[in-house]
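Breakdown of the fold
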Amino acid sequence: MGMTARVLAVDAGNSKTDVAVVAADGTVLATARGGGFRPPAVGAQQAVDTLAEAVEQAFTAAGVTSVDHVSACLANADFPVEEETLAAALHARAWGTTVEVRNDTFAILRAGVPEPRGVAVVCGAGINCVGMRPDGRTARFPALGRISGDWGGGWGLAEEALWHAARAEDGRGEPTALAHTLPGHFGLPTMYALIEALHLQDIPDARRHELTPVLFATAASGDPVARRIVDRLADEVVTMATVALTRLDLLEEETPVLLGGGVLAARHPQLTDGIRDLLTSRAPKAVPQVVTASPVLGAALLGLDAVRAEAEAHERVRTHFERRSA
């Protein structure tokens, strides 16, 4: 093959893992996909075991047994102590001479910017925000849900919609079409029936996320309660972004604010417009854009940053992944 593998890029989310082996000049030698990465459920060692199959598949395809540097962007790496534990587990695998672990939100941020500078807000099942500067400074949040002050994400939006719909039906809250659209999604006549089905797990908890698109559709039809929930999410996204920009002293500089994750990537007009309007008033220099690039690209770019690769290498790896997603 004639090329030395420089970086192993890993983007490991709750549902899937993508890996890439990258040469010093940015050539992508091999890629592979594996299962979800869930250390809170199975422990760090077993979670790393789930990465092994994809890594070994990529190494075999690339014709290598190790790399210079492992750049791993991992779900559930929310605190420095978790990053350190996971980095030690990865280092023990001897996949690379050096290892750097970051939260997976950093992969989405780096994938969307030409240099490691900007802020990303990701709203998928949960919500998170990170920021970085080329000098190594970062801003981040624990992003553990309500205990760390978070609101939003697909799961939280579904729960909020259920709360308002239940109160509307039994008279404790104001009327909302959600009381009909939410149970209607599952073919049920009332919120009472939906609550019972969820409680008895006739409808599995995992299906609650299906209610988030129903919420947005109900808001788009003009329902005031649903629209307020969407407006609150826009406010939350902009609040997180503005705090991150402030921490990094980027509020007064033109700075990209990347929007990623399934909820934001869906480009719901009310939400997208609300975010842009609020950013205009609170962070006028921010430049919002939706990220659609593969997060493993971000992990690869962070790896090339770490080994001080030439700009041409960054462009080559970006071209590879953007061509694949086109």
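Just above, that's the structure.
In this numbering scheme, every chain counts its residues from 1 along its sequence in written order. Restriction of local features to residues with pLDDT of at least 70 applies here, the model being predicted, together with a cutoff of 80 or more for giving and counting side-chain atom pairs; totals for whole chains, interfaces and linings are based on all residues. Water and hydrogen atoms play no part in the side-chain values, which are based on all heavy atoms of the structure.

1. A word on the packing of aromatic side chains
How we decide: Note on ring pairs: Phe, Tyr and Trp rings are taken, using the six-membered ring of Trp, and paired if centres are within 6.5 Å. Classes follow the plane angle, with under 30 degrees stacked, over 60 edge-to-face and the rest tilted. Criterion for a charge above a ring: Arg CZ or Lys NZ at most 6 Å from the ring centre, at most 35 degrees from the ring normal.
Counted according to the given criterion, the structure contains zero aromatic pairs. Directly above the ring of F106 sits R102, whose terminal nitrogen or CZ lies 5.4 Å from the centroid. Seen from the ring of F141, R247 lies directly overhead, with NZ or CZ sitting 4.6 Å from the centre.

2. A few points about the side chain of D78
Our working rule: What counts as a helix is a DSSP run of H or I of at least four residues, what counts as a strand is a run of E of at least two, and both are numbered from the N terminus. Residue exposure (1.4 Å probe, protein chains only): buried if accessible area is under 20% of the type maximum, exposed if over 50%, otherwise partly exposed. Neither His nor the chain termini are counted; the positive set is Lys and Arg, and the negative set is Asp and Glu. Counted as salt bridges are all cases of a side-chain nitrogen of Lys or Arg within 4 Å of a carboxyl oxygen of Asp or Glu. Every residue pair with non-hydrogen atoms within 4.5 Å of one another is taken to be in contact.
Within the secondary structure, D78 is located in the loop between β4 (67-74) and α3 (80-92). Despite its burial, D78 pairs with no opposite charge; the closest candidate is R140, at 5.5 Å N-O. When neighbours within four sequence positions are excluded, D78 is seen to be in contact with N103, R140, P142 and L144.

3. Some points on the sheet that holds strand β6 (residues 118-123)
Sheet strands pair by backbone hydrogen bonding; their relative direction is either parallel or antiparallel. Convention followed: Strand pairing is assigned whenever DSSP identifies at least 2 bridges connecting the two strands. An axis is simply a line fitted to the C-alpha atoms; with a helix, the fit covers only the stretch in contact. Between two such axes, the angle follows the N-to-C directions and lies from 0 to 180 degrees.
One open sheet accounts for five strands, arranged β8-β7-β6-β9-β10; its pairing is mixed. In the strand order of this sheet, the two ends are held by β8 (138-140) and β10 (286-290), each with one partner. Looking at each pair of strands side by side, their axes are set apart by 15° on average, direction ignored. Across six bridges, β6 lies against strand β7 (residues 127-132) in antiparallel orientation. Bridge pairing links V121 to C129 in β7. Packed onto the sheet, helix α9 (residues 224-247) meets β6, β7, β8, β9 (255-260) and β10 and runs at close to 25° relative to β7.

4. Here's the deal with the pattern of salt bridges
Within this structure, the stated rule accounts for 18 salt bridges. Between R316 and D25 there is a salt bridge whose closest N-O contact spans 4.0 Å. Of the two residues, R316 is situated in helix α13 (residues 311-325) and D25 in the loop between β2 (17-23) and β3 (28-34); the sequence distance between them amounts to 291 residues. Among the ionic pairs, R228 bridges to E174, the shortest N-O distance being 2.3 Å.

5. Things to note about the pairing of β6
The element β6 is extensively covered by neighbouring structure, given that six of its six residues are classed as buried. Judged by which residues are buried, β6 turns out to be covered on both faces: G118, A120 and V122 on one side and V119, V121 and C123 on the other are all buried. The pairing of β6 with β9 spans four bridges and is parallel. Directly across from V119, in β9, lies its bridge partner V257.

6. Overview of a nonpolar patch on the surface
Condition: Here, patches come from residues exposed beyond 30% relative accessible area and free of salt bridges, joined within 9 Å for like charges and within 5 Å for nonpolar side chains (Val, Leu, Ile, Met, Phe, Trp, Tyr). In this description, accessible areas are obtained by the Shrake-Rupley approach with a 1.4 Å probe, and a residue is regarded as covered only by the protein chains that are shown.
A contiguous nonpolar patch, built from F79, V81, L144 and I147 and spanning about 410 Å² of accessible area, is present on the exposed surface. What makes L144 partly exposed here is its relative accessible area of 39%.

7. Details of the pairing of β4
Quick reminder of the rule: If the strands point away from the viewer and the path from the first strand over the helix to the second runs clockwise, then the crossover is right-handed.
With respect to burial, β4 is a largely interior element, seven of its eight residues being buried. Where strand β1 (residues 5-12) lies against β4, six bridges are found, and the strand directions are parallel. The residue bridging D11 from the neighbouring strand is C73, located in β4. Taken together, β4, α3 and strand β5 (residues 96-103) form a β-α-β motif whose crossover is right-handed.

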